[in-house]
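# Commentary on secondary and tertiary structure
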Amino acid sequence: MPVSDINTSWEKIRRNVKDAEILIGQKKYNLSMIKSRQALEGIVLSLCDKAAIAEPDLASSIDALYSARWISKSSCEHYHKIRMLGNKAVHEGSDDAYEANQAFHLISQEAYTYSHEYNNSRKSRPSSAAPQPQPRRRSSSGSSGSNKSRRRRQQEGLPFTSYDIARLVFFSLVVVLIIVLVSIFRPKEKEQETTDSNATFPETTADNSFVPETTLAPETMAPTTAAPVYKTNDNLNVRSQPSTDGEKLDTIPAGTVVEFVREYENDSEWSVIIYNNEEAYVASRYLTAE
């Protein structure tokens with residue numbers, strides 16, 4: 001990829017991350033999650049161009065980058081989390097503040113990692129057979145060598161200035177604090193909502209304002225909102241429990257449409273599907289919503 005294209009791609013990523021931050025401040029959480037996903041798409045596309053990887057969708061591209069050791073396991077998990085939150089915003093219209101802050105925190109961290117580890121230092125895929133450079137001996141004029149090294153780094157240029165880095169770190173800390181506070185107070189709010197719901201249950205059921213999610217038939221949904229279709233993006237093991245230690249019931253081939261029920265207890269790593277008229281568990285990373 002030419003240097004000018006790399007710079008243009010990086011500027012788009014930075015702009016999408018900045019837009020996600022602005023939208024959170026404006027309480028437009030749905031649009032913020034979409035912007036975070038767009039920034040992720042820019043990072044994955046740039047890395048795939050460098051690694052000569054061509055995959056049909058975002059999920060398989062992320063897995064291919066991890067398999068080729070272009071990204072770490074932690075980054076792979078973060079990428080999939082941002083992708084799923086973005087899909088939830090697009091397909092389900094999610095406008096949750098907690099999820100928007102979580103998506104922004106993850107994309108900020110991964111954008112910083114991309115700019116310093118993948119974008120700068122990994123211009124090409126590292127080869128394990130490449131000879132390792134021998135350590136250079138420090139000369140007596142250590143200060144002169146240090147000054148030359150600083151000048152060389154200044155000439156190369158960094159996508160982030162020190163002000164940008166400090167600002168990003170500060171905002172990340174603020175986001176973490178917000179997430180912690182939300183996680184502390186949110187259970188109390190849910191408990192209060194449950195109490196209120198139980199107190200007014202006869203009244204709310206009379207006007208159908210409280211309907212369990214599991215009883216919502218497809219025929220009652222608005223014709224303008226179509227539920228996403230979930231397909232397997234690889235051969236997928238069906239298990240009796242949400243764990244790799246659970247009994248394997250079957251292996252579904254790639255491209256198979258499955259009946260998706262929900263994520264398992266807010267655990268994005270496992271999803272519940274209907275298999276042989278019973279609930280079973282599959283790894284979420286191998287499902288693609290369309």
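First things first, this report covers the structure right here in the doc. (Residues numbered from 1 in each chain as written. Predicted model: local features only at pLDDT ≥ 70, side-chain atom pairs only at ≥ 80, totals over all residues. Heavy atoms only, no water.)

### Concerning the overall build of the protein
Broken down by element type, the protein carries eight helices and seven strands. Burial statistics for the protein: of 290 residues in total, 35% are counted as buried. In the protein, once contacts between residues fewer than 6 apart in sequence are set aside, the share between residues at least 24 apart is 60%. Taken as a whole, the protein presents about 18,600 Å² of accessible surface, with 52% of it coming from carbon and sulfur. (Helix = DSSP H or I, 4+ residues; strand = E, 2+ residues; numbered from the N terminus. Buried < 20%, exposed > 50% of the residue type's maximum accessible area, 1.4 Å probe, protein only. Contact = heavy atoms within 4.5 Å. Areas by Shrake-Rupley, 256 points an atom, 1.4 Å probe, with all protein chains shown as cover.)

### Re the side chain of serine 94
You can see serine 94 is positioned in the loop between helix H4 (73–92) and helix H5 (97–118). In this structure the side chain of serine 94 is engaged in a polar contact, spanning 2.9 Å, whose partner is the side chain of glutamate 99. (Polar contact = N/O pair within 3.5 Å; in protein donor to acceptor, adjacent residues only side chain to side chain.)

### Digging into the environment of leucine 106
Along the chain, leucine 106 turns up in helix H5. A relative accessible area of 10% places leucine 106 in the buried class. Put simply, leucine 106 and serine 172 are 66 residues apart on the chain and 9.3 Å apart in space, counted from C-alpha to C-alpha.

### Examining the layout of surface pockets
What the second largest pocket holds in volume is close to 570 Å³. Around the second largest pocket, the lining is made up of 21 residues, and of these Glu269, Ala283, Ser284, Arg285 and Tyr286 lie nearest the centre. Sorting the residues of the lining of the second largest pocket by element identifies H4, strand S2 (236–239), strand S5 (267–275) and strand S6 (278–283) as the ones contributing at least two each. With seven residues, H4 is the single largest residue contributor to the lining of the second largest pocket. (1 Å grid on protein atoms, 1.4 Å probe; cavity = no way out; pocket = protein on both sides within 12 Å on 5 of 7 lines; lining within 4 Å. Points joined across faces, edges and corners; volume = space filled by probe spheres on them.)

### A word on the pattern of salt bridges
In total, this model carries six salt bridges according to the counting rule given. Measuring nitrogen to oxygen at the nearest pair gives 3.7 Å for the salt bridge that ties lysine 18 to glutamate 21. A residue pair is termed a helical-turn pair when its members lie 3 or 4 positions apart in one helix, as lysine 18 and glutamate 21 do in helix H1 (residues 3–25) at three residues. Between lysine 88 and glutamate 99 there is a salt bridge, with its nearest N and O atoms 2.9 Å apart. Pair noted here: lysine 88 is in helix H4 and glutamate 99 is in helix H5, with a separation of eleven residues, a long-range link. Classification of lysine 88 as partly exposed rests on a relative accessible area of 31%. Judged by relative accessible area, glutamate 99 falls into the buried class, the value being 15%. (Salt bridge = Lys/Arg side-chain N within 4 Å of Asp/Glu carboxyl O.)

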